Amino acid sequence: MLPQEIIRQKRDGGTLTPEQIGFLVKGLTDGSISDGQIAAFAMAVFFQGMNMDERVALTRSMVTSGSVIDWQQFSDLGPVLDKHSTGGVGDKVSLMLAPIVAACGGAVPMISGRGLGHTGGTLDKLDAIPGYNATPDIALFQNVVRQTGCCIIGQTAKLAPADKRFYAIRDVTATVESVPLITASILSKKLAAGLDGLVMDVKTGTGAFAGTYSMAKELAESIVTVAHGAGMPTIALITDMNQVLGRAVGNAVEVREAIDYLTGAHLDERLDTVTIALAADMLCLGGLAPDQDAAMAMAREALDSGRAAEKFAEMVDLLGGPADLMENSQRHFADAPVVKPCYPERDGVVQGMDARSVGLAVVELGGGRTDPNGTIDPVVGLTEVAAVGEPVGSDRPIALVHARSEDAAVHAIERVRSAVKIGSSGEAGAAVFERIAKT
């Protein structure tokens, strides 16, 4: 087969066979297909789409491009569960959710990705923790899950390696927002992790890849359908991304916010709503709770009792991070050289927010990548971000900007200020819109 002919076929709206898709995925894995050809294929799929059979074939080929973890050898584990988000601005839910579910008896082997476009990645946040090994071998990964109930890592060389390369190329070629490619990317990693069940957080709004509700629902239904077709029970929640989730955007600053949430130092209401809703579905999917109300109560007790914080601390310690991170987090995170308030042009109420533009402000500060091999500055970002419906003015900035230089801070302030609409009133609306499950 010739890769250019397969690309041409898809470019012209044709349907690819499992053999053709498998050939491309093999080339992704062994490097025999160039970055340019992969980018062209991604763009062809972006415009022409894939039917459900093609999506299943792409997902399965990407799963079998590497190893699949077997948890059945460990009889002492609870149900093996995970959550995945389609990406958002300020979305640090995984850092709290995994230890909450682990504290309730679940096993959460969470394989996360790096940032895509304007969104942050869980793996980039974990890299901000000194000493944390985000890419352990599979033996250590399994050992941490067995000992503490959760382990959040990045893709290893052996798990869905085709997706790892594809993921990086899509990030810099404007082909992220493709339902078939997002479906295959997410599910290939999750199926390779050997899960018993998955809960999806499909975001919609100005800061989401699924900018419209119809696209978010299409993606949620695609993921649930393909996952069930591959034998993995899956539920999807459609959640709001018309504003920053929580109060921090960046890497170290988001880890700090997650620690504050787990320890009870600070709780943002919308962040809490999304986290507990996802935890409840994971617990129900794993048979650890009989219904949603009981599951939410279990999750809340795990959080309030401090057991979830203990699980996070154990995970960090076992993966090489500071043993006292929860008690002395300020010791372990450097501060940005410049911290400046971003004041609105006039007093008022946050009426709306272009969350994508806010995310790009952080990328421009150095908190995200502009090429696949780029580095990230962990200390830059935004904190104390005002939520929709909150007053801002000369005594309450829109956010605090953490930057490496005065010039970078000034540029970020201008972008954030222009991304936030100020009016006389504003209302945030629901944080969780809809639940999609196989009927």
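Quantities reported herein were computed from a predicted structural model and do not represent experimental measurements. (Residues numbered from 1 in each chain as written. Predicted model: local features only at pLDDT ≥ 70, side-chain atom pairs only at ≥ 80, totals over all residues. Heavy atoms only, no water.)

## Looking at the layout of surface pockets
Remark: the empty space left among the atoms is shown by a probe the size of a water molecule rolled over them. Here the second largest pocket is characterised by a volume of approximately 290 Å³. R247, A248, V253, R256, E257, D260, H266, T383, E384, R396, L400 and H402 are the residues that line the second largest pocket. Mapped by element, the contributors of at least two residues to the lining of the second largest pocket are α11 (252–263) and β11 (399–403). Per-element accounting of the lining of the second largest pocket gives the leading share, four residues, to α11. The residue makeup of the lining of the second largest pocket, split by class, is three nonpolar, three polar and six charged. (1 Å grid on protein atoms, 1.4 Å probe; cavity = no way out; pocket = protein on both sides within 12 Å on 5 of 7 lines; lining within 4 Å. Points joined across faces, edges and corners; volume = space filled by probe spheres on them. Helix = DSSP H or I, 4+ residues; strand = E, 2+ residues; numbered from the N terminus. Nonpolar A, V, L, I, M, F, W, Y, C, P; charged D, E, K, R; others polar.)

## Re empty space enclosed by the protein
As enumerated under the stated definition, the model contains four cavities of 30 Å³ or more in all. Here the largest cavity is characterised by a volume of approximately 330 Å³. As for the largest cavity, its lining consists of 28 residues, and the residues nearest its centre are H84, S85, T86, G87 and Y167. Among the elements that make up the lining of the largest cavity, the one with the highest residue count is helix α9 (residues 179–192) (five residues). For the lining of the largest cavity, the class distribution of residues is eight nonpolar, 14 polar and six charged. T119, G120, V363, G367 and G368 are, among the 21 residues lining the second largest cavity, the residues nearest its centre. Of all the elements in the fold, those that place two or more residues in the lining of the second largest cavity are β6 (249–250) and α16 (355–367). It is α16 that contributes the most residues to the lining of the second largest cavity, four residues altogether. Of the residues belonging to the lining of the second largest cavity, the class tally is five nonpolar, twelve polar and four charged.

## Side note on the environment of S178
Its place among the elements puts S178 in the loop between α8 (161–171) and α9. Remark: the alpha-carbon pair of S178 and Q48, spanning 130 residues in sequence, is separated by 9.8 Å. Look past the residues within four positions of S178 in its chain and what remains in contact with it is V45, F46 and M215. (Contact = heavy atoms within 4.5 Å.)

## A few points about unusual backbone geometry
The phi torsion of most residues other than glycine is negative, and most of the peptide bonds are trans. Even without glycine at this site, A174 takes up a positive phi of about 60 degrees. The phi dihedral of E384 falls on the positive side, at around 55 degrees, and the residue is not glycine. Secondary-structure assignment places E384 in the loop between β9 (381–383) and β10 (391–392).

## Remarks on the packing of α8 against α9
The description of two packed helices rests on the angle between their axes and on the distance between the axes. Put simply, α8 and α9 touch, their axes get as near as 10 Å, and they point 145 degrees apart. In the crossing of α8 with α9, the sense of the turn from one axis to the other is left-handed. Residues D163, F166, Y167 and R170 of α8 pack against L181, I182, S185, S188 and K189 of α9. Class assignment of the residues belonging to the contact of α8 with α9 gives a composition of four nonpolar, two polar and three charged. (Axes fitted to C-alpha atoms, helices over the stretch in contact; angles between N-to-C directions. Left-handed = near helix turned anticlockwise from the far one by under 90°.)

## Focus on the side chain of S357
Positionally, S357 belongs in helix α16. Beyond its immediate chain neighbours, meaning those up to four positions away, S357 contacts R415 and A419.

## Focus: the sheet that holds strand β5 (residues 234–240)
Ordered in space as β1-β4-β5-β13, the four strands form an open sheet in which the pairing is mixed. The sheet terminates laterally at β1 (81–85) and β13 (432–437), the two strands that pair on one side only. Within the sheet, the average angular offset between the axes of one strand and its neighbour, ignoring direction, is 20 degrees. In the sheet, β1 pairs with strand β4 (residues 197–204) via five bridges, with the strands oriented parallel. Across the sheet, residue S85 finds its bridge partner in β4, namely D201. The strands that helix α12 (residues 269–285) touches are β1, β4, β5 and β13; relative to β4, the one it contacts most, it runs at about 150 degrees. (Pairing = 2+ DSSP bridges.)

## Observations regarding the sheet that holds β6
An order of β6-β9-β11-β7 is seen for the four strands of this open sheet, with the pairing classed as antiparallel. Each of the sheet's edge strands pairs with one partner strand only, and the pair in question is β6 and β7 (338–342). Strand direction decides the pairing type here: β7 and β11, joined by five bridges, are antiparallel. Following the sheet pairing, K340 is matched in β11 by V401. Here helix α17 (residues 406–419) sits on the sheet in contact with β7, β9 and β11, set at roughly 25 degrees to β7.

## Focus on the state of the cysteines
Taken as a whole and judged by the stated rule, the model has zero disulfides. You can see C151 has no disulfide; the closest cysteine sulfur is in C150, sitting 7.5 Å from it. Of all cysteine sulfurs in the structure, the one in C104 sits closest to C284, which takes part in no disulfide; the separation is 11 Å. (Disulfide = S-S within 2.5 Å.)

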